[in-house]
Amino acid sequence: MSETLHFAFRSIPSAALDSLVAKRKDETKLGETLAVDWRDPDCRYVVLGIREDIGPRANNGFAGARNAFDAFLPNLLNLQANRFIRPGSLHVLGTIDPIISVEHLDQSVLREQVEELDEFVLETVKPIIEAGKVPIVIGGGHNNAYPLMRAASQVLGGPVDVINLDPHADCRPLEGRHSGNSFSYGIVEGIIRQYAVFGLHRSRNSEAILQFMDDHAVHHTFFAEYLMDPGLFHRDLSAYLEEGEGPLCVELDMDVIRHMPSSAFSPTGMVLEDARYYLRKIMGTERPVTYLHLPEAAPNTPSQGRIVGKALAFLVHDVLTVRP
């Protein structure tokens with residue numbers, strides 16, 4: 001499936017990728033070492049961009065998540081391909097794009113389009129997981145966690161374990177699809193076996209959400225606890241990873257990083273180094289990773305684009321180098 005009523009998949013030609021690489025004598029950039037075909041046995045990771053902010057807008061969030069992938073791609077391609085990068089381990093697949101503008105659509109229509117997007121993302125990603133590759137999904141809203149989890153569940157043949165670093169639990173009511181209820185839908189529908197979310201903000205999660213997490217045994221921690229004990233995040237994450245086994249669906253909401261241009265910008269929260277530690281710790285375990293999802297970055301100016309692009313590139317580089 002390459003197109004629906006409102007969305008289309010667009011591959012990125014090799015020439016277009018090459019044009020983004022700033023080549024220098026005696027240096028090799030990551031963009032010069034990409035796998036030509038994601039089905040190649042040496043290719044482990046497949047990058048997919050999602051250029052939408054329909055999900056955040058349907059959740060009363062800020063626009064701009066549609067811009068994250070374009071900010072990220074040139075920064076990724078211009079990373080140094082040195083001894084820490086395995087040539088041919090990464091393929092850039094393309095992007096999922098809205099076909100028409102959604103600037104003036106009301107909330108109910110946006111939520112209907114999120115449901116359409118759910119199916120499109122699932123059908124795009126499922127063959128990648130079936131082939132044993134790890135999709136790295138960049139951009140768009142956290143609504144896309146739901147189809148990613150569904151794809152993983154279908155391929156693995158049962159409920160999945162999901163880990164998330166996020167100020168919001170995204171367990172809002174099942175009121176129509178948007179970026180704030182991927183995990184409540186996943187839990188209620190039996191897609192998720194165990195959901196763990198780290199770094200929640202006490203001021204950003206309603207009592208109904210907190211009660212939902214209690215009722216469904218969601219493993220969760222709060223950022224406020226880390227303020228009182230800076231080492232607690234590392235200990236919490238290590239303990240959780242040591243207790244479990246089996247594949248992990250890995251989520252990292254860029255909202256969790258303080259001052260990150262995002263769909264729910266916050267002046268307080270984790271720093272980029274915490275997010276990098278989170279990914280490096282997960283990738284350093286023996287647990288298989290089914291996919292990596294980095295949503296909600298929302299740059300709307302060139303300076304914001306530089307922050308987002310470099311931050312996302314650092315995070316992906318951590319994945320590529322810890323588990324090449």
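Above this text is the structure in question.
Reading the values: rules and limits
- Residues numbered from 1 in each chain as written.
- Predicted model: local features only at pLDDT ≥ 70, side-chain atom pairs only at ≥ 80, totals over all residues.
- Heavy atoms only, no water.
- Buried < 20%, exposed > 50% of the residue type's maximum accessible area, 1.4 Å probe, protein only.
- Helix = DSSP H or I, 4+ residues; strand = E, 2+ residues; numbered from the N terminus.
- Pairing = 2+ DSSP bridges.
- Salt bridge = Lys/Arg side-chain N within 4 Å of Asp/Glu carboxyl O.
- Expected span 1.5 Å × (residues − 1).
- Polar contact = N/O pair within 3.5 Å; in protein donor to acceptor, adjacent residues only side chain to side chain.
- Contact = heavy atoms within 4.5 Å.
- Core = buried A, V, L, I, M, F, W, Y, C linked by side-chain atoms within 4.5 Å.
- Axes fitted to C-alpha atoms, helices over the stretch in contact; angles between N-to-C directions.
- Parallel < 35°, antiparallel > 145°, perpendicular 65-115°, else oblique.
- Left-handed = near helix turned anticlockwise from the far one by under 90°.
- Nonpolar A, V, L, I, M, F, W, Y, C, P; charged D, E, K, R; others polar.

## As for the pairing of strand β3 (residues 90-98)
Within β3, eight of the nine residues are buried, which leaves the element mostly enclosed by the surrounding structure. Sheet topology note: the strand β1 (residues 7-11)/β3 ladder contains five bridges and is antiparallel. Of the residues in β3, the one forming a bridge with Ser11 is Gly94. Where strand β2 (residues 45-50) meets β3, six bridges bridge the pair, whose relative direction is parallel. The residue of β3 that forms the bridge with Ile50 is Ile96.

## Description of the pattern of salt bridges
Applying the stated criterion across every chain, the model contains 15 salt bridges. Across the pair Arg193 and Asp161 runs a salt bridge whose closest N-O atoms are separated by 2.7 Å. With Arg193 in strand β6 (residues 192-200) and Asp161 in strand β5 (residues 160-165), this residue pair connects regions lying 32 residues apart in the sequence. For Arg193, a relative accessible area of 58% translates into the label exposed. The closest approach of N and O atoms between Arg276 and Asp318, which form a salt bridge, is 2.7 Å. Linking Arg276 in helix α10 (residues 272-283) with Asp318 in helix α11 (residues 302-322), this pair joins segments that are 42 residues apart in sequence.

## Some remarks on unusual backbone geometry
One non-glycine residue, Asn60, adopts positive backbone phi at about 65 degrees. Here Asn60 is to be found in the loop between α2 (54-58) and α3 (68-77). We note that Glu296 has phi near 80 degrees; this positive angle belongs to a residue other than glycine. Here Glu296 lies in the loop between β9 (289-294) and α11.

## What to know about α11
For α11, with 21 residues, the first-to-last C-alpha span of 30 Å sits near the 30 Å given by 1.5 Å per residue. Every buried residue of α11 is listed here: Gly305, Val308, Gly309, Ala311, Leu312, Ala313, Leu315, Val316, Asp318, Val319, Leu320 and Thr321.

## Brief notes about the side chain of Asp97
Within the fold, Asp97 resides in strand β3. Within the structure, Asp97 has its side chain in polar contact with the side chain of Arg10 (distance 2.9 Å). Residues contacting Asp97, with those up to four places away along its chain left out, are His6, Phe7, Ala8, Arg10 and Arg51.

## Focus: the nonpolar core
Ile163, Leu252 and Tyr278 are the most contacted members of the largest nonpolar core, which totals 56 residues. In contact with Leu252, not counting residues within four places along its chain, are Asn164, Leu165, Ala275, Tyr278, Leu279, His293, Leu294, Pro295 and Leu315. Listed in part, the 46 residues of the second largest apolar core include Leu117, Val162, Val197 and Phe222.

## Describing the pairing of strand β4 (residues 134-138)
Burial analysis of β4 places five of its five residues in the buried class, which makes it a mostly covered element. Across the two faces of β4 the burial is the same, with Val134, Ile136 and Ile138 and Pro135 and Val137 all buried. Judged from the five bridges that link them, β2 and β4 form a sheet pairing that is parallel. Opposite Leu48, over in β4, you have Val137 as the bridge partner. Pairing geometry for β4 and β9, over three bridges, is parallel. Directly across from Ile136, in β9, lies its bridge partner Leu292.

## Considering the packing of helix α9 (residues 232-243) against α10
Two elements in contact, α9 and α10, have axes separated by 11 Å at closest approach and are oriented at 20 degrees. Between α9 and α10, the angle falls in the class roughly parallel. When the axes of α9 and α10 are compared, the crossing they make is right-handed. Contacts between α9 and α10 involve Phe233, His234, Leu237, Ser238 and Leu241 from the first element and Asp274, Tyr277, Tyr278, Lys281 and Ile282 from the second. Class assignment of the residues belonging to the contact of α9 with α10 gives a composition of six nonpolar, two polar and two charged.

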